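Residues per chain, in single letters:
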Amino acid sequence: QVQVVESGGGLVQPGGSLRLSCAASGDTVTIINRYWYRQAPGNQREQVAGLISGGRTDYADSVKGRFTISGDSAGTTLYLQMNSLKPEDTAVYYCMARSRLRAYWGQGTQVTVSS
């Protein structure tokens, strides 16, 4: 089993920055890939960024050039640096860790971009 907990959300003005963190614990050696997702009210959950085994990164078109996903060397903490935030980035952001057998989700952290 793996547990993931997100932190770092909050209220920020348009054009501002936030860094989200995702701490994983438990059987973290089984984790292959890690992702950030988000879900805005009335919308489906969408993948924002991925950190794939071997260090490859993947981003949704809507965040390319503004968001950066990274992880620590121990593989237990995942980050999402979000710059040039827009009101449409407002959502609950979720961390997901995927092993060979299943996906583990956190409870989410709210990001609100508003003046």
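The model shown is predicted, which means the values in this text are computed figures rather than measured ones.

Participant: In this structure, what is going on with the overall build of the protein? I would like to understand it.
Facilitator: Of regular secondary structure, the protein possesses zero helices and 11 strands. When its helices and strands are written in sequence order, the protein yields β-β-β-β-β-β-β-β-β-β-β. Taken over C-alpha atoms, the radius of gyration comes to 13 Å for the protein, in line with the 13 Å a tight globule of 115 residues would show. The burial tally for the protein puts 42% of its 115 residues in the buried class. Restricting to contacts in the protein with at least 6 residues of sequence separation, those with at least 24 account for 53%. Element-wise, carbon and sulfur atoms account for 45% of the exposed surface of the protein, whose accessible area totals about 6100 Å².

Participant: Just checking my understanding: could you explain the side chain of Thr77 for this structure?
Facilitator: Among the secondary structure elements, Thr77 is positioned in strand 8 (residues 77-82). Not counting residues within four places of it along the chain, the set of residues in contact with Thr77 comprises Cys22, Arg34, Ser70, Gly71 and Asp72.

Participant: I tried to follow the sheet that holds strand 1 (residues 2-7) on my own but got confused; where do I start?
Facilitator: Each strand in a sheet pairs with its neighbour through backbone hydrogen bonds, running either in the same direction (parallel) or in the opposite one (antiparallel). The sheet built from four strands is open, its strands ordered 1-3-8-7 with antiparallel pairing. Whereas interior strands pair on both sides, the edge strands pair on one side only; in this sheet they are strand 1 and strand 7 (67-71). Pairs of neighbouring strands in the sheet enclose a mean axial angle of 15°, with direction left out of account. Where strand 7 meets strand 8, five bridges bridge the pair, whose relative direction is antiparallel. Pairing of Gly71 across the sheet is with Leu78, part of strand 8.

Participant: Is there a simple way to think about the state of the cysteines in this case?
Facilitator: Disulfide: a covalent bond connecting the sulfur atoms of a pair of cysteines. Across all of its chains, the model carries one disulfide by this definition. Note on cysteine connectivity: Cys22 is disulfide-linked to Cys95, with sulfurs 2.0 Å apart. Between Cys22 and Cys95, the S-S dihedral sits near -70°, and the bridge is therefore left-handed. Residue Cys22 is found in strand 3 (residues 18-26), and its partner Cys95 is found in strand 9 (residues 91-98); the two are separated by 73 residues along the sequence.

Conventions used here
- Counting restarts for each chain, with residues numbered from 1 along the sequence as it is written.
- Given that the model is predicted, a residue must reach a pLDDT of at least 70 before its local features are reported, and side-chain atom pairs must reach 80 or more before they are shown or counted; all residues, however, enter totals for whole chains, interfaces and linings.
- To obtain the side-chain values, all non-hydrogen atoms of the structure were included, while hydrogens and water were left out.
- Runs of E in the DSSP output that reach at least two residues are strands. Runs of H or I that reach at least four are helices, and both are numbered from the N terminus.
- C-alpha atoms define the radius of gyration, and 2.2 Å times the number of residues to the power 0.38 defines the globule rule.
- Note on exposure labels: buried denotes an accessible area under 20% of the residue type's maximum, exposed denotes more than 50%, and partly exposed covers the range between, all computed with a 1.4 Å probe on protein chains only.
- By definition, residues are in contact when any of their heavy atoms lie within 4.5 Å.
- The Shrake-Rupley method, run with a 1.4 Å probe sphere, supplies the accessible areas, and residue values consider only the shown protein chains as cover.
- Two strands qualify as a pair provided that DSSP identifies no fewer than 2 bridges between them.
- Angles shown run from 0 to 180 degrees and are taken between the N-to-C directions of axes, each axis being a line fitted to C-alpha atoms and, for helices, limited to the stretch in contact.
- Cysteine sulfur atoms that pair up within 2.5 Å are treated as a disulfide.

Shape descriptors only; they carry no functional weight alone.
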